[in-house]
Amino acid sequence: MRKKYIGVFDSGLGGLTTVSEIIRQLPGENIVFLGDTANIPYGSSKSREEIIALTMDNMEKLSAYDLKALIIACNTADCNASESVRRKYPNIPVFAVIAPAAKKAAETSENHRIGILATDSTVASGKYEEEICSCSRDSEIFSVPCPKLVPMIETGVFIDDPGQMKKVLLEYLEPLKEKDIDTLILGCTHYDIMRDMVSEILPGVNIVSSSRCVIEDLKQYLKQQKKLSRTQKAKRIYLVTSDPKRFTRMASLLINDIEIKKAN
Ligand code: DGL
């Protein structure tokens, strides 16, 4: 029998933060993850057209699997390319990260002052502002582009030199300290890995992670459509587009016994 998979796509390893949450909440689901590590970062140096082309190229690889749902676990790909993906694959239910995180932040913020950390491309798109304001029009939003974070996470600085990581994070968070925000969106799936560090720097601020909010939408859809898997031994496939050996150390922080392979 063919196995139906939840497909998860990111420009790199950040999407594994979403995968680890799917495994925790939906342990019976088969998952195929694809990280476009050969082309990361998407968010600081690529045009919208390039991001669309890369995302569509990767969708071609993922759609070779029998997908019952797809999560675009990349805010940058979401704001630039999710419409193109939905148009090209009308038969695959596509879930993306920005709308559910924006909704959660808008609904839970009490003073309606919301900070966002994201890539240059996501901040420039204005997609978070648009989504937050469609739920709560009076919100004040403070967006901070953070081009240094993804490369530092992806190359393992996060593990090897947490002090350096915290210093850079502090640079980005410092301006938010005086804005009196009560909610901060981690608007890049890589940033979920720094959640504790962020809370230490901004104690008392409610952290909303784009990696996690999307799972609620996925769960609801699978339940409604009676598509939840009851498999005892779920199959998990982890693919990257460059040499997989470089990523095992970082990925092991998020997924136990992970075996990463090169995508064809
Ligand atoms: N993880 C991706 C996101 O959520 C961004 C990484 C990148 O810049 O490629 O935006």
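As the structure is a computational prediction, the values presented were derived from the model and not from experiment.

**Some points on the environment of R236**
Move 1: Relative to the elements of secondary structure, R236 occurs in strand β9 (residues 236-240).
Move 2: Owing to a relative accessible area of 29%, R236 belongs among the partly exposed residues under this scheme.
Move 3: For the pair R236 and N30, spaced 206 residues apart in sequence, the C-alpha to C-alpha distance is 5.7 Å.
Move 4: With near-sequence residues (within four places) excluded, R236 lies in contact with I23, P27, E29 and I31.
Move 5: A polar contact is formed between the side chain of R236 and the backbone oxygen of P27, at a distance of 2.9 Å.

**Thoughts on the environment of G28**
Move 1: Here G28 is to be found in the loop between α1 (16-25) and β2 (30-35).
Move 2: Classification of G28 as buried rests on a relative accessible area of 10%.
Move 3: It is 25 Å that separates the C-alpha atoms of G28 and N58, two residues lying 30 residues apart in sequence.

**Observations regarding the sheet that holds strand β6 (residues 140-145)**
Move 1: The 4 strands are arranged β6-β5-β7-β8 in an open sheet whose pairing can be described as parallel. Where the open sheet ends on each side, the last strands, each with one partner, are β6 and β8 (206-209). On average, each strand axis in the sheet is tilted by 20° relative to the strand beside it, whichever way the strands run.
Move 2: As judged from the 6 bridges shared by strand β5 (residues 113-118) and β6, these two strands associate in the parallel manner. Residue I114 lies in a different strand from β6, and its bridge partner there is I141.
Move 3: Strands in contact with helix α11 (residues 210-224) are β7 (183-187) and β8; relative to β8, the strand with the most contacts, it is inclined by about 65°.

**Thoughts on helix α3 (residues 75-88)**
Move 1: For α3, which comprises 14 residues, the first-to-last C-alpha distance of 19 Å matches the rise-based estimate of 20 Å (1.5 Å per residue) to within 8%.
Move 2: All of the buried residues in α3 are N75, T76, A77, D78, C79, N80, A81, S82, S84 and V85.

**Considering the pairing of β8**
Move 1: When β7 meets β8, the two strands line up parallel, connected through 4 bridges. Bridging across to β8, L186 finds its partner in S209.
Move 2: On the question of chirality, the crossover connecting β7 to the parallel β8 by way of helix α10 (residues 195-201) is right-handed.

**Observations concerning the site of the ligand**
Move 1: In the region of the ligand, 14 residues are neighbours, and S11, Y42, N75, T76 and H190 sit closest.
Move 2: Within the contact set of the ligand, an oxygen atom lies 2.9 Å away from a backbone nitrogen or oxygen of G43.
Move 3: Within the backbone of N75, an N or O atom sits 2.8 Å from an oxygen atom of the ligand.
Move 4: If the ligand stood free it would expose 300 Å²; the protein chains cover 99% of that surface.
Move 5: A molecule is said to occupy a pocket when more than half its atoms come within 2 Å of that pocket's grid points, and by this definition the ligand occupies the largest cavity.
Move 6: Looking at the shell around the ligand residue by residue, the class counts come to 6 nonpolar, 7 polar and 1 charged.

The rules behind each value
Residue positions are given per chain, counting from 1 as you read along its sequence in written order. Given that the model is predicted, a residue must reach a pLDDT of at least 70 before its local features are reported, and side-chain atom pairs must reach 80 or more before they are shown or counted; all residues, however, enter totals for whole chains, interfaces and linings. No hydrogens and no water enter the side-chain calculation; it runs on all heavy atoms of the structure. Numbering of helices and strands starts at the N terminus; helices are DSSP runs of H or I of at least 4 residues and strands are runs of E of at least 2. Type-normalised accessible area, obtained with a 1.4 Å probe on protein chains alone, sets the label of each residue: buried when under 20%, exposed when over 50%, and partly exposed for intermediate values. The contact definition used throughout considers only heavy atoms, calling two residues in contact when any of these lie within 4.5 Å. Under this definition, polar contacts are N or O atom pairs within 3.5 Å; protein pairs additionally need one hydrogen-donor-capable and one acceptor-capable atom, and for neighbouring residues in sequence, both atoms have to be side-chain atoms. Pairing between two strands requires that DSSP report at least two bridges joining them. Helix axes are fitted to C-alpha atoms over the stretch in contact, other axes to C-alpha atoms as well, and angles between N-to-C directions run from 0 to 180 degrees. For a helix, the expected span equals 1.5 Å multiplied by the residue count minus one. Whether a crossover is right-handed depends on one test, that the path from the first strand over the helix to the second runs clockwise when the strands point away from the viewer. Definition of nearness: a residue and a molecule or strand are near each other if at least one heavy atom of the residue lies within 4 Å of the molecule or strand. Here the accessible surface of atoms and residues is derived via Shrake-Rupley with a 1.4 Å probe, and residues count as covered only by protein chains that are part of the display. Residues are called lining when one of their atoms sits within 4 Å of a cavity or pocket point, these points coming from a 1 Å grid over the protein atoms alone, where a cavity is a set in which a 1.4 Å probe fits but cannot get out and a pocket is an open set with protein on both sides within 12 Å along at least five of seven lines. Pocket occupancy is defined atom-wise: a molecule lies in a cavity or pocket when more than half of its atoms are within 2 Å of its grid points. Residue type decides the class: Asp, Glu, Lys and Arg count as charged, Ala, Val, Leu, Ile, Met, Phe, Trp, Tyr, Cys and Pro as nonpolar, and the leftover types, Gly among them, as polar.

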